[in-house]
Structure formats: C-alpha cells, structure tokens
Amino acid sequence: LSWGGMIVVALVSSSSIVPLLPSEGGENSMTTSGDYCMTADTSAIDGRTTRHPGYAVSQQKRKRVEEIFGWLKTVGLRRKVKLRGVQRVGWLFTFAAAVYNLVRMRNLVETTT
C-alpha cells in the first residue's frame, strides 16, 4: 500500500478549506487508515473536480505524457539502465527522447502524405 494514496485522500478531503484543485489521475487506491479506506469503485477525486472541462483536458495531456514515458521504458532502454552516473544516465535519457521525437516526426510525415 502506497503513501501516495493517503496523501491524495488527505489533500482531497482538505481541499474544501484550501482553494486547490487536485490533479491526481483519479487512481483508486486502498489505504490502511480507517478514516480514508477506499474501495475499488471509489475515487479520491469527486464530482466538483471532474465536472470542469479543464479536468478532461488535463487527463488527455496526462495520457500523452504517460505514453512518452511508457515508450522510453519499453523501447528507449529506460526499464533497466546499464549506465552509471548522473551524466551518463542523463545523456541516455536525452538520446532516447531525441529518438522518440524522430520516430514521432516520421510517423507524422507518413500520416500527412
């Protein structure tokens, strides 16, 4: 059980006092706290947040970003890094992101022609 779920629930439960909109992706998570125990069919994000059009846009943008990191993990050698050191790992990330951009540009050109 993750601490992240408990932090999200605490933020959402106190958001009526603090004027913030939580940007959590609506993950369902179980916590061990008796007060904030959630089941699989409930979410920490309530209707006050999800009814706004900006929330739907945020979820679309989030999906796009997650697709990039998913590609980097599966294709871009980020699942298990064989290099050591901050500079080398940073270089690998930059290189993999550049390759992703090249592949994406190739795919965009193919769809337009």
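Residues numbered from 1 in each chain as written. Predicted model: local features only at pLDDT ≥ 70, side-chain atom pairs only at ≥ 80, totals over all residues. Heavy atoms only, no water.

## As for the overall build of the protein
Thinking step 1. In terms of regular secondary structure, the protein is built from four helices and zero strands.
Thinking step 2. Each helix and strand of the protein, ordered N terminal to C terminal, gives the series α-α-α-α.
Thinking step 3. In the protein, which comprises 113 residues, the proportion classed as buried is 18%.
Thinking step 4. For the protein, the computed accessible surface area is about 8,700 Å², with 63% contributed by carbon and sulfur atoms. (Helix = DSSP H or I, 4+ residues; strand = E, 2+ residues; numbered from the N terminus. Buried < 20%, exposed > 50% of the residue type's maximum accessible area, 1.4 Å probe, protein only. Areas by Shrake-Rupley, 256 points an atom, 1.4 Å probe, with all protein chains shown as cover.)

## What to know about the packing of helix α3 (residues 53-74) against helix α4 (residues 86-112)
Thinking step 1. Close contact between α3 and α4 brings their axes to 10 Å; oriented N to C, the two are set at 115°. Viewed along their axes, α3 and α4 adopt a mutual orientation that is roughly perpendicular. Of the two possible hands of crossing, α3 and α4 adopt the one that is right-handed. Touching Arg64, Ile68, Phe69, Trp71 and Leu72 of α3 are Phe93, Ala96, Ala97, Val99, Tyr100, Val103 and Arg104, all from α4.
Thinking step 2. Residues of the contact of α3 with α4, tallied by class, amount to ten nonpolar, no polar and two charged. (Axes fitted to C-alpha atoms, helices over the stretch in contact; angles between N-to-C directions. Parallel < 35°, antiparallel > 145°, perpendicular 65-115°, else oblique. Left-handed = near helix turned anticlockwise from the far one by under 90°. Contact = heavy atoms within 4.5 Å. Nonpolar A, V, L, I, M, F, W, Y, C, P; charged D, E, K, R; others polar.)

## A closer look at the pattern of salt bridges
Thinking step 1. As enumerated under the stated definition, the model contains three salt bridges in all.
Thinking step 2. The shortest N-O distance in the salt bridge between Glu67 and Lys63 comes to 2.6 Å. With Glu67 and Lys63 both in helix α3, this residue pair falls four residues apart, about one helical turn.
Thinking step 3. A salt bridge links Glu67 to Arg64; the nearest nitrogen and oxygen atoms lie 2.9 Å apart. Taken together, the positions of Glu67 and Arg64, both in helix α3 and three residues apart, correspond to about one turn of that helix. (Salt bridge = Lys/Arg side-chain N within 4 Å of Asp/Glu carboxyl O.)

## Details of a nonpolar patch on the surface
Thinking step 1. Together, Val65, Phe69 and Phe93 make up an exposed nonpolar region whose accessible area comes to about 240 Å².
Thinking step 2. Here Phe69 lies in helix α3.
Thinking step 3. Under the relative-accessibility criterion, Phe69 is labelled partly exposed at 42%. (Patch = residues over 30% accessible without salt bridge, like charges linked within 9 Å, V, L, I, M, F, W, Y side chains within 5 Å.)

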